[in-house]
Amino acid sequence: MREDHQAAVHGVDEARLWQRHMEMAQIGATPNGGVNRAAFSEEDIRARRVLAGWAKARNFAVSMDGIGNLFVRRPGLEPDAAPVLAGSHMDSQPRGGRFDGIYGVLAALEALEAIDEAGVKTKRPIELVAWSNEEGGRFAPCTMGSAVYTGARRLEDFLDVTDNDGVVLKHALAETIAALPEAAARAFNAPAAAYIEAHIEQGPLLEMQGTTIGVVTGIQGLRWFMIEVSGETAHAGTTPLKARKDALRGAVQVMQALGELTHDPDDIVRFTVGRMLVCPNSTNSVASQVLFSVDLRHPDPTTIRRLSNAVEPLARKAAAPCGVRVTPTLWDDPCVFDPHVVEAIERSANSLGLSNMRLPSGASHDAMYMARVCPTGMIFVPCEKGVSHNEAENARPGDLSAGARVLTAALLDLANR
Ligand SMILES: [Zn+2]
């Protein structure tokens, strides 16, 4: 690593980074130590104002696009060169934790400040981005800001979405944008040279292995199905078993068959039945109809396609003599991150002497959409017991700053290409 780059990386200030997490955690703090910071809420606006204040204190330029994605820019030697972006989100689940999302934003700010303090000039500008409404807990769906920014979805499709209190998104969004008049207007989907998102792992692997840095290779694919098994209701006391078309028994057989299909000695396939509706749902009646959900995930495009294609024929066979209808309801292909960004992150971790491992992301992130428009990667740091989307979410200051140092080194690398 170049000497000036080294100075910047070692300028990452663990105490400042931690202090900012604690300051942000006050905004929407919940009684059990978590955070409730819904998208476009009063708390979201306060968090944005605090972030913009820190940016302004450094003379970094602040801008915002039409869905409220917030950008903080440190210029490069070539002002018109496509910037390298880093960030995540500041909104939370209703009972969320102090690190999910906000870590990627504060790590990016820490990187910008450390680079600035070291006086390092980069060829490309570096920009922090805080994506709007990643969680989708107030206004569905999730990852809205990055979906609109990258052109995967249209802003107009979301403007009339309402929250549980009947608040319309376009009004909450207009308030959010008006609350930050110093932010310049910005267009969607400006060219980007690369994007890196730092995030807590939200799973237990790094902690289990005693590894500090997760070099994320991609985001696993996701398939949802609703499976309807149809039989005939009958008297539980009088109908011989051989004469039944028991939809619940059929459903259990289907689940068993799918469990065998998705059995994986490496424990990479994720197969979940999380919802079930039984009709007539009566103790002394044979079930006439069962509806249940299937959530299937895998990082490899070929594997998830093979498994998904097997669901319907397998269900049909296993449910006999009952009938089966399989309806796919969600289809997100696996996202494979750019090898150059993955290598830049890995190289940065190695040059800092930090233990690291490659792993796919089990959860969705804004990086999924950015990967469609520019070379993208992610950095994971451990979180306590893998707990996330929970007020108990926790992470260690040393791990957070290690991730910020890797981010800083990788940004400097990519911003000089
Ligand atoms: Zn998140």
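Everything in this summary refers to the structure shown in the same document. Model, not experiment: these values are computed from the prediction.

Attention now moves to the coordination of the zinc ion. Ligation of the zinc ion by protein atoms is provided by H89 (NE2), D100 (OD) and H199 (NE2), these donors lying 2.0 to 2.2 Å from the ion. All donors to the zinc ion come from one chain, and their sequence spacing reads H-x10-D-x98-H. Taken together, the residues H89 in strand β3 (residues 84–89) and H199 in strand β6 (residues 194–200) connect sequence positions 110 residues apart. On the basis of relative accessible area, H89 is assigned to the buried category, the value being 0%.

Attention shifts here to unusual backbone geometry. Here C279 and P280 are connected by a cis peptide whose omega angle stands at 0°. Among the secondary structure elements, P280 is positioned in the loop between β10 (276–279) and β11 (289–298). The step from A320 to P321 runs through a cis peptide bond, and the omega angle for that step is 10°. By the element assignment, P321 lies in the loop between α9 (301–319) and β12 (323–332).

Moving on to the nonpolar core. Grouped together as the largest cluster of nonpolar side chains are 88 residues, with contacts concentrated most on M24, L51, M90, I196, I213 and L407. For M90, the residues in contact, after removing those within four places along its chain, are M24, R37, A47, R48, L51, L70, I102, V105, A130 and W131.

Once that is clear, we can look at the pairing of strand β2 (residues 70–74). The side chains of a regular strand alternate, residue by residue, between the two faces of the sheet. Counting buried positions over the five residues of β2 gives four, a clear majority of the element. Both β2 and strand β4 (residues 126–131) contribute to a ladder of five bridges, which runs antiparallel. Residue pairing for β4: F71 is matched across the bridge by V129.

Bringing the packing of aromatic side chains into the picture now. A full pass over the atoms with the stated rule returns six aromatic pairs. Relative to Y149, the ring of F71 lies with its centre 5.4 Å away and its plane at 40°, an arrangement referred to as tilted. With F71 in strand β2 and Y149 in helix α5 (residues 144–149), the pair connects residues that are 78 residues apart, well separated along the chain. Pair check on accessibility: F71 and Y149 agree, each one buried. Centroid distance W131 to Y195: 6.0 Å. Interplanar angle 70°. Geometry classified as edge-to-face. Of the two residues, W131 is situated in strand β4 and Y195 in strand β6; the sequence distance between them amounts to 64 residues. Pairwise contacts between aromatic rings join F71, W131, Y149 and Y195 into one cluster. Positioned above the aromatic ring of W54 is the side chain of R20, whose terminal nitrogen or guanidinium carbon lies 4.6 Å from the ring centre. Looking at R186, its charged tip hangs above the ring of F71, at a distance of 3.6 Å from the centre.

The next point concerns the pairing of β11. Most of β11 sits out of view: seven of its 10 residues are buried. As judged from the 10 bridges shared by strand β8 (residues 221–230) and β11, these two strands associate in the antiparallel manner. Pairing of E228 across the sheet is with L291, part of β11. Bridge count for strand β9 (residues 270–272) against β11 is three bridges, and the pairing is antiparallel. Opposite T272, over in β11, you have D295 as the bridge partner.

Quick look at the packing of helix α4 (residues 102–117) against helix α12 (residues 397–415) now. Contact geometry for α4 and α12: axes closest at 9 Å, N-to-C directions at 60°. The orientation of α4 relative to α12 falls into the category oblique. Considering the relative orientation of α4 and α12, their crossing is right-handed. Residues Y103, A107, A108, A111 and I115 of α4 pack against D399, L400, G403, A404, L407, T408, L411 and L412 of α12. When grouped by side-chain class, the residues that make up the contact of α4 with α12 number 10 nonpolar, two polar and one charged.

Following the sequence through the fold, N390 ends up in the loop between β15 (376–381) and α12. N390 sits in the partly exposed class, given a relative accessible area of 33%. On a C-alpha basis, the gap between N390 and G28 in space is 14 Å, while along the polypeptide they are 362 residues apart. Apart from residues lying up to four places away in sequence, N390 is in contact with R95, G96 and G97.

Packing of helix α1 (residues 3–10) against α12 brings their axes to within 9 Å, and their N-to-C directions diverge by 150°. In terms of orientation, α1 and α12 fall into the roughly antiparallel class. The crossing of α1 and α12 is right-handed. Facing H5, A8 and V9 of α1, the residues of α12 in contact are R405, T408, A409 and L412. For the contact of α1 with α12, a count of residues per class yields four nonpolar, two polar and one charged.

Another point: the pattern of salt bridges. All told, the structure shown has 27 salt bridges when counted by the stated rule. The closest approach of N and O atoms between E113 and R16, which form a salt bridge, is 3.6 Å. Of the two residues, E113 sits in helix α4 while R16 sits in helix α2 (residues 14–25), which places them 97 residues apart along the sequence. A relative accessible area of 16% means that R16 is categorised as buried. One salt bridge in this structure joins D157 and R154, with 3.0 Å as the shortest N-O distance.

Right, let's talk about a nonpolar patch on the surface for a bit. Residues L248, V252 and M276 make up a contiguous nonpolar surface patch of roughly 230 Å² in combined accessible area. For M276, the location among the structural elements is in strand β10. Note on M276: relative accessible area 42%, which makes it partly exposed.

Here is what the cut-offs are and how they apply
Every residue gets a number counted from 1 within its own chain, in the order that chain's sequence is written. Reporting of local features is limited, given that this is a predicted model, to residues whose pLDDT is at least 70; pairs of side-chain atoms are given and counted only at 80 or more, and all residues count toward the totals for whole chains, interfaces and linings. For side-chain calculations, the full set of non-hydrogen atoms in the structure is used, while hydrogens and water are omitted. Sodium, potassium and calcium take a 3.2 Å donor cutoff, other metals 2.8 Å, and in both cases only N, O and S atoms count; water is not among them, so sites may look incomplete. The helix and strand labels rest on DSSP assignments: H or I over at least four residues marks a helix, E over at least two residues marks a strand, and numbering proceeds from the N terminus. Each residue is assigned to one of three classes by its accessible area relative to the maximum for its type, calculated with a 1.4 Å probe on protein chains only: buried under 20%, partly exposed between the two thresholds, exposed over 50%. For the purposes of this section, nonpolar cores are sets of buried Ala, Val, Leu, Ile, Met, Phe, Trp, Tyr and Cys residues that join through side-chain atoms within 4.5 Å. By definition, residues are in contact when any of their heavy atoms lie within 4.5 Å. Strands are treated as partners if at least two bridges between them are detected by DSSP. Here a pair means two rings of Phe, Tyr or Trp (six-membered ring of Trp) with centres within 6.5 Å. Their orientation is stacked below 30 degrees between planes, edge-to-face above 60, and tilted elsewhere. In our convention, an over-ring charge means Lys NZ or Arg CZ found within 6 Å of a ring centre and within 35 degrees of that ring's normal. Structural elements are reduced to axes, namely lines fitted to C-alpha atoms, with helices fitted over the stretch in contact, and the angle between N-to-C directions of any two is expressed from 0 to 180 degrees. Here roughly perpendicular refers to angles of 65 to 115 degrees, roughly parallel to angles under 35, roughly antiparallel to angles over 145, and oblique to all remaining angles. Throughout, a crossing is termed right-handed when the near helix is turned clockwise from the far one, and left-handed when it is turned anticlockwise from it by less than a right angle. Gly falls in the polar group here, along with every residue not listed as nonpolar (Ala, Val, Leu, Ile, Met, Phe, Trp, Tyr, Cys, Pro) or charged (Asp, Glu, Lys, Arg). When a carboxyl oxygen of Asp or Glu is within 4 Å of a side-chain nitrogen of Lys or Arg, the pair counts as a salt bridge. What makes a patch is a set of residues exposed beyond 30% relative accessible area and free of salt bridges, joined within 9 Å when like-charged and within 5 Å when nonpolar (Val, Leu, Ile, Met, Phe, Trp, Tyr). Accessible areas in this description were obtained via Shrake-Rupley with a 1.4 Å probe; residue shielding takes into account the shown protein chains only.

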